[in-house]
Amino acid sequence: MTDRRTRREFMGLTAAGAAGVLTPAWLADPRTAPAIAAAAVTGTAQGAPSTDPDLIVFNAKVYTMDPAAPRAEAFATSGGRFIAVGSTAAIKGLAGKRTQTFDAKQMTIVPGFTDCHNHAGGTTLLYEVLVGNPFEVEFVTIASIIEKLRAKARQVPAGTWVEGYFHDDTKVKDKRLLNVRDLDQVSTEHPVVVRHRGGHTSFYNSKAFELAKVTKDTPNPPGGTFDRDENGALNGRVTDLARSVFNGVGQRPTFTPEQRAQRERDGVAHISKQFARYGLTSVHHEGGDLTAMQEVRARGDLHHRISYEPSGRVLDSMIASGIMSGFGDEWIKFGATSEHTVDGSFSERTMALSIPYPNVQPPYKGNITDTQDELNAWVEKVHRAGIQVNCHANGDVAIDMYLTAFERAQKAAPRPDARPKITHCTLINDDLVRRMKALGAVPAMFTTYAYYNTDKFPFYGEELMKRSMAFRTLLDAGIHAAAGSDFSPGPFAPLMGIQGMVTRTGWDGTTWGANQRISVDEAIRVNTINGAYASREESLKGSITPNKLADFVVLADDPHTVNKEKIKDIQIVRTVVGGTTVHQA
Ligand SMILES: [Zn+2]
């Protein structure tokens, strides 16, 4: 915001919005003219309440993402929904005495963004040692990592784990991998682990290996590796399932149930604020504390809508009690399952490829973390229960396994429009695309990676990158590709994602798989209406359309016209959920 007057107007609006989160008090208004006019403006606003709009926004560049009326200048909201969309002149005519108005002064407005894959680790952000930057590209030194962990080690008794989070192995100024000797400098009395933000690899010190009884002679288990240096000694890096040996060893901090509940609530409230700051109005959560989410919502601190993706005990109890995807309301709703993991990681180079990784010796094709039989059984069980299936499949081998399992489940228990969700769906080929289309699969793909993780792409090379994060190919095939930041692995800023999808150019200036570029409009669609489609909520949200939830974002600049390399820097002026401002710059 640069204009002072506009800023004051914003402040006034926010105060009013905060006072009435759900704005339930519709004034009984004998004048029905506004609602009739609303219907006339759009032709689709039947059922709009016969009352003054709560809010009118005009003089804006509105990109509605509604193919029936893609551009507009203005809209009106009432009761948390859009009730009319159209020209400034027509919409202004709807204003009544109690209507708040907002002159957008030609700023850009798009539907609220949706992130279809997010681990939403608010408690980690608040309470853990962060050895990397969760939100932006930032390089750190290994010395700084050691120093932060030493400070933590001084606060906890010997034998207790010292943990670092948000490490990114290619955002290190030293230009080498963290190793066991670095972490021995933190402590020889505490087990130490540094977790890669990607979630599939971790780095340990000697004490941790000692407690887990892992030596250089320990064989690699299925689905994981204890990495070694050129002399065959443990180098500290451990991948995927091999990390489970550390689960039962060492001491971990304990909390009373009250403390734990408090931390979870704080975490949800904190991450919700961060989402609002970046323009996210709907987020698909990989599990998390459902009680905390409901409590934070009840106290008015939930600023985004949650599609809750269950696993473990919650999923089992849904199946046992007959709760299906879609149960819940506009704020917290059961979506697909949490990602059921079939293979390793894209960014950490453990995903399952049909060909060996370029330039890796001995030849390595990544980690498969499930058998076809187990996968078949799990997919069929969930599908039969009426719950949307969701598997993490990055490499072409894993995607093939998942599609095989789902094709089998559909044969055994046919259900139309089941929308199997493929989390990541990173490396595709023509055969996989054809089968995805036939099944109506919905991929939630990495978006910010194209900007944030270009330093990882040389490990794959241009030939594989041409088929990776393949938005162009999938949209052309008519597949509803959606955005899945995978936070913590990827930053979740939708504008960083849009820039990456449009340019395929990273922070380091290199461009990978330019054949997969999509337009700005398509990239916004991926982050809005396609996200709504992924959770079967496309009739409820994802576009600025009468009767849909009034979730929208005001941008200081238009991503269609700014320098494409600057899309990620556009200021989020305002984030609005259900007609209520939840963030303003
Ligand atoms: Zn994930």
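Computed from a predicted structure; not experimentally measured.

Definitions and cut-offs
- As a convention, each chain's residues are numbered from 1 in the sequence order in which they are written.
- Thresholds applied to this predicted model are a pLDDT of at least 70 for local features of residues and 80 or more for the giving and counting of side-chain atom pairs; totals over whole chains, interfaces and linings are not thresholded and use all residues.
- Each side-chain value is worked out from all heavy atoms of the structure, with water and hydrogens disregarded.
- Strand pairing follows a simple DSSP-based rule, namely that at least 2 bridges must link the two strands.
- Numbering goes from the N terminus for both helices and strands, where a helix is a DSSP run of H or I of at least four residues and a strand is a run of E of at least two.
- The angle between two axes is taken between their N-to-C directions and runs from 0 to 180 degrees, where each axis is a line fitted to C-alpha atoms and a helix contributes only its stretch in contact.
- For Na, K and Ca the donor cutoff is 3.2 Å, while for all other metals N, O and S atoms count as donors only within 2.8 Å; water does not appear among the atoms, so some sites may look incomplete.
- Between 85 and 135 degrees for all angles marks four donors as tetrahedral; over 155 degrees for opposite donors together with 65 to 115 for all other angles marks four donors as square planar and six as octahedral; every other arrangement is irregular.
- Here's how the labels work: a residue is buried when its accessible area is under 20% of the maximum for its type, exposed when over 50%, partly exposed in between, all with a 1.4 Å probe on protein chains only.
- These descriptions rest on fixed angle ranges, namely under 35 degrees for roughly parallel, over 145 for roughly antiparallel, 65 to 115 for roughly perpendicular, and the rest for oblique.
- Take the far helix as your reference; a near helix turned counterclockwise from it by less than a right angle gives a left-handed crossing, and one turned clockwise gives a right-handed crossing.
- In this analysis, two residues are considered to be in contact whenever any of their non-hydrogen atoms come within 4.5 Å of each other.
- Only Asp, Glu, Lys and Arg are considered charged in this grouping, and only Ala, Val, Leu, Ile, Met, Phe, Trp, Tyr, Cys and Pro are considered nonpolar; every other residue, Gly among them, is considered polar.

Q: Could you clarify how one ought to interpret the sheet that holds strand E15 (residues 280–286) in this entry?
A: The pairing of strands in a sheet comes from backbone hydrogen bonds and takes either a parallel or an antiparallel form. The strand order across the open sheet built from four strands is E8-E15-E16-E17, with neighbouring strands paired in parallel fashion. In this open sheet, the two edge strands, each paired with only one partner strand, are strand E8 (113–118) and strand E17 (332–334). Put simply, the sheet's adjacent strands are angled 20° from each other on average, direction ignored. Examined bridge by bridge, E8 and E15 share four bridges and lie parallel to one another. Across the sheet, Thr 114 pairs through a bridge with Ser 282, a residue of E15.

Q: What should I look at first to understand the coordination of the zinc ion in this one?
A: Tetrahedral metal sites with four donors have an ideal angle of 109.5 degrees; octahedral sites with six donors have ideal angles of 90 or 180 degrees. His 117 (NE2), His 119 (NE2), Glu 339 (OE) and Asp 486 (OD) make up the full set of protein donors to the zinc ion, lying at 2.1 to 2.2 Å. One way to put it: the four donor atoms around the zinc ion meet at angles of 81 to 176°, and that makes the site irregular. Read from N- to C-terminus, the donor residues coordinating the zinc ion fall into the pattern H-x1-H-x219-E-x146-D. Pair noted here: His 117 is in strand E8 and Glu 339 is in the loop between E17 and strand E18 (340–341), with a separation of 222 residues, a long-range link. Per residue, the accessibility class of His 117 equals that of Glu 339, and both read buried.

Q: Explanation requested: the packing of helix H11 (residues 372–384) against helix H12 (residues 396–412) in the structure shown.
A: The relative placement of two packed helices comes down to the angle between their axes together with the axis-to-axis distance. Close contact between H11 and H12 brings their axes to 9 Å; oriented N to C, the two are set at 45°. Here H11 is positioned oblique relative to H12, judged by the angle of their axes. Two packed elements cross with a definite hand, and for H11 against H12 that hand is right-handed. Facing Gln 372, Leu 375, Asn 376, Val 379, Glu 380, His 383 and Arg 384 of H11, the residues of H12 in contact are Met 401, Tyr 402, Thr 404, Ala 405, Phe 406, Arg 408, Ala 409, Gln 410 and Ala 412. Broken down by class, the residue content of the contact of H11 with H12 amounts to eight nonpolar, five polar and three charged.

Q: What is the right way to read the pairing of strand E5 (residues 81–86) from this model?
A: Moving residue by residue along a regular strand, the side chains alternate between the two faces of the sheet. Across the six residues of E5, five count as buried, placing the element largely inside the fold. Looking at chain direction, strand E4 (residues 74–78) and E5 are connected through five bridges and run antiparallel. Along E5, the bridge assignment pairs Ser 78 with Arg 81. Linking E4 to E5, which pair antiparallel, is a turn of two residues; within it Gly 79 sits at a positive phi near 60°.

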